[in-house]
Amino acid sequence: MTYSSPNHYSHKLEFNLNRLPAKVSDRTNWRFLLPGIVFGFLLALLGAYELLNGFKAEGANIASLVPLNDISNYQPFLTATFFDIIFIIVGLGMVIVSVFSYIRYKKFIFDGKFMTIIWRPVFGNKKIIKENIKNFGGVRFRITFFQSGFLTKNKYIIELYHKDPAKIVPLYISTSPKNVRRKWKEYARYFEMPALINTDEGLMSKDIKNLDKSIKDMAKLGYIVDDFDSYAPLPSPIAYVRKKDKIVLKARKIVWDAYNIAAWIIIFILGIGVIMSFLNPALRDTQSPTFWWINIGALIIIVAAVFILFRKEKLVLKKEKIVNTHKYMLFSTKHDEMMKKDIESIEVTENPASGRFFVSVSSEEKTITFGSKLPIKDLLWIKKFLIHEVIK
């Protein structure tokens, strides 16, 4: 079940409620927008420069590529001008979107009884909403994904939940999982409201007094039951490897989504640009370092992007801890790790923005996510398996 959620603009936010009235602004930080503005501007400039024959040597013509007697019959399917215009449109689009992202914002003011929400859209007048704090249902923790270049990263969000998405208030936003669960507890206690989380069973409410207990302690008290069936069939999308001192879980195949498709389009555009520049003798034979720096940079981006797009996540279960690693084509990196005794929650968690689910493993100080593109039935198997391994 999906619960509507607003798309908060910030990547880093903390609502400090120590002094009232308290204020906070939800706005995209210019540091996240600057790379897009710079890259978009350079892309548009490159397209305009090429369109105006800035790279072409004087006197260069099609005869250098096609024999003279075949010029009249030569009709390229896609001309260089077409790609120049695409570069300009894409580049200017990136700049405009980045500027619009900075213009819009939301401001939140809390006086102890009422929450005032001021929304400034890109176009139109400001909108003001004033809501009694008693009308909010709890403090919700959720994880959503955002695209950072070719990487998909997590954004950890704690918010004051309301049934009306327009009235949901961000309390804490970070791209780092460090201490997020602790913040969740602190805000829940401050507002004296239940702690909420979107799971496969819907919007789940957690009693504040149990948030500090580990999975093992909750199992001893009877709040968690180990119902893992070791004879149940292994889900086909999951690879299970039992080694001497560890168990490895990973997805067998890479699942492509809209972000991956967009990345492949960018790679294609860059690749075509590099190929066309080398097919043009006026550019290929130039001694200008600009030509070589641009093409070398484009090739580095293409290679790095391909490595990232073929990356796989793995969960490595050892005797005392769980390790989250990223497997690339030629090497692996350790992304994070967590001691089993510190784990306080293992849930199949929903990303309300996309409707997809994933497994989240949380302790007081950090959160590990896994399986964001796997079917929910397979995620439920992983959840039961992890609980079994932690509390046995």
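Now for a look at the structure at hand.

What counts and how
Residues numbered from 1 in each chain as written. Predicted model: local features only at pLDDT ≥ 70, side-chain atom pairs only at ≥ 80, totals over all residues. Heavy atoms only, no water. Helix = DSSP H or I, 4+ residues; strand = E, 2+ residues; numbered from the N terminus. Buried < 20%, exposed > 50% of the residue type's maximum accessible area, 1.4 Å probe, protein only. Contact = heavy atoms within 4.5 Å. Areas by Shrake-Rupley, 256 points an atom, 1.4 Å probe, with all protein chains shown as cover. Expected span 1.5 Å × (residues − 1). Pairing = 2+ DSSP bridges. Axes fitted to C-alpha atoms, helices over the stretch in contact; angles between N-to-C directions. Phe/Tyr/Trp six-rings, centres within 6.5 Å; stacked < 30°, edge-to-face > 60°. Lys NZ or Arg CZ within 6 Å of the ring centre and 35° of its normal. Salt bridge = Lys/Arg side-chain N within 4 Å of Asp/Glu carboxyl O.

1. Considering the overall build of the protein
A count of helical and extended segments in the protein gives 8 helices and 18 strands. For the protein, buried positions account for 42% of its 392 residues. Taking as baseline every contact in the protein between residues at least 6 positions apart, the subset at least 24 positions apart corresponds to 56%. For the protein, the accessible surface area stands at approximately 21700 Å², while carbon and sulfur atoms represent 60% of it.

2. Comments concerning helix α3 (residues 180-191)
Structurally, the α-helix is built with 3.6 residues per turn, so residues lying three or four positions apart point the same way. Across its 12 residues, α3 extends 17 Å between first and last C-alpha, which sits within 8% of the 16 Å expected from 1.5 Å per residue. Burial in α3 covers these residues: V180, R181, K183, W184, K185, Y187, A188 and F191. Of the residues one or two after α3, E192 is the one with positive phi, at around 55 degrees.

3. A short note on the sheet that holds strand β4 (residues 114-120)
Strand pairs in the sheet, formed through backbone hydrogen bonds, run parallel or antiparallel to each other. Strand order in the open sheet formed by 4 strands is β2-β3-β4-β5, with antiparallel pairing between adjacent strands. Of all the strands in the sheet, the pair left with one neighbour each is β2 (22-26) and β5 (127-132). For this sheet, the mean inter-axis angle between neighbouring strands, taken without regard to orientation, is 15 degrees. Pairing between strand β3 (residues 105-110) and β4: 6 bridges, direction antiparallel. Along β4, the bridge assignment pairs F108 with I117.

4. Re unusual backbone geometry
Cis rather than trans, the peptide bond between L20 and P21 has omega equal to -5 degrees. Tracing the backbone through its elements, the reader meets P21 in the loop between β1 (13-14) and β2. Phi at N179 takes a positive value of approximately 65 degrees, unusual for a residue other than glycine. Positionally, N179 belongs in the loop between β8 (169-174) and α3. Here N179 falls in the partly exposed class, since its relative accessible area comes to 21%.

5. Describing the pairing of strand β18 (residues 367-370)
Side chains T367 and T369 project from β18 onto one buried face, and the interleaved I368 and F370 project onto a second face that is buried too. Summarising the sheet, strand β17 (residues 356-363) and β18 pair through 4 bridges and their orientation is antiparallel. Along β18, the bridge assignment pairs S360 with T369.

6. Looking at the sheet that holds strand β12 (residues 247-251)
As summarised here, the arrangement of the 5 strands in space is β11-β12-β13-β14-β15, forming an open sheet in which the pairing is antiparallel. Pairing within the sheet leaves two strands with one partner each, and these edge strands are β11 (238-242) and β15 (332-339). Averaged over all adjacent pairs, the angle separating strand axes in this sheet is 20 degrees, with direction ignored. When strand β14 (residues 321-327) meets β15, the two strands line up antiparallel, connected through 7 bridges.

7. Observations regarding the packing of aromatic side chains
Enumeration over the complete set of coordinates arrives at 8 aromatic pairs. Pairing W381 with F385 gives two aromatic rings, centres 5.3 Å apart and planes at 5 degrees, and the pair type is stacked. Of this pair, W381 and F385 both sit in helix α8 (residues 376-391), separated by 4 residues, roughly a single helical turn. Using a relative accessible area of 3% as the deciding quantity, one classes F385 as buried. Linked through ring pairs, F228, Y240, W381 and F385 together constitute an aromatic cluster. In this structure, K106 packs its charged tip against the face of W119, placed 5.9 Å from the ring centre.

8. Some thoughts on the pattern of salt bridges
Pairs may arise between side chains of opposite charge once their charged atoms sit close together. Inspection of every chain in the model, using the stated rule, returns 16 salt bridges. The residue E344 makes a salt bridge to K185 at a minimum N-O spacing of 3.1 Å. Taken as a pair, E344 in strand β16 (residues 343-351) and K185 in helix α3 lie far apart in primary sequence, 159 residues in all. For E344, a relative accessible area of 12% puts it in the buried group. Here E364 makes a salt bridge to K185, at a shortest N to O gap of 2.2 Å. You can see E364 sitting in the loop between β17 and β18 and its partner K185 sitting in helix α3, a full 179 residues away along the chain. Assessed through its relative accessible area of 22%, E364 is described here as partly exposed.

9. Brief notes about the pairing of β16
Counting buried positions along β16 yields 9 of 9 residues, so the element is predominantly enclosed. Pairing geometry for β16 and β17, over 8 bridges, is antiparallel. What sits directly across from E350, in β17, is F357.

10. Let's talk about α8
Relative to the 22 Å expected for 16 residues at 1.5 Å per residue, α8 spans 23 Å between its end C-alpha atoms, a close match to the ideal helical length. Of the positions making up α8, those classed as buried are D378, L379, W381, I382, K383, F385, L386, I387, E389 and V390.

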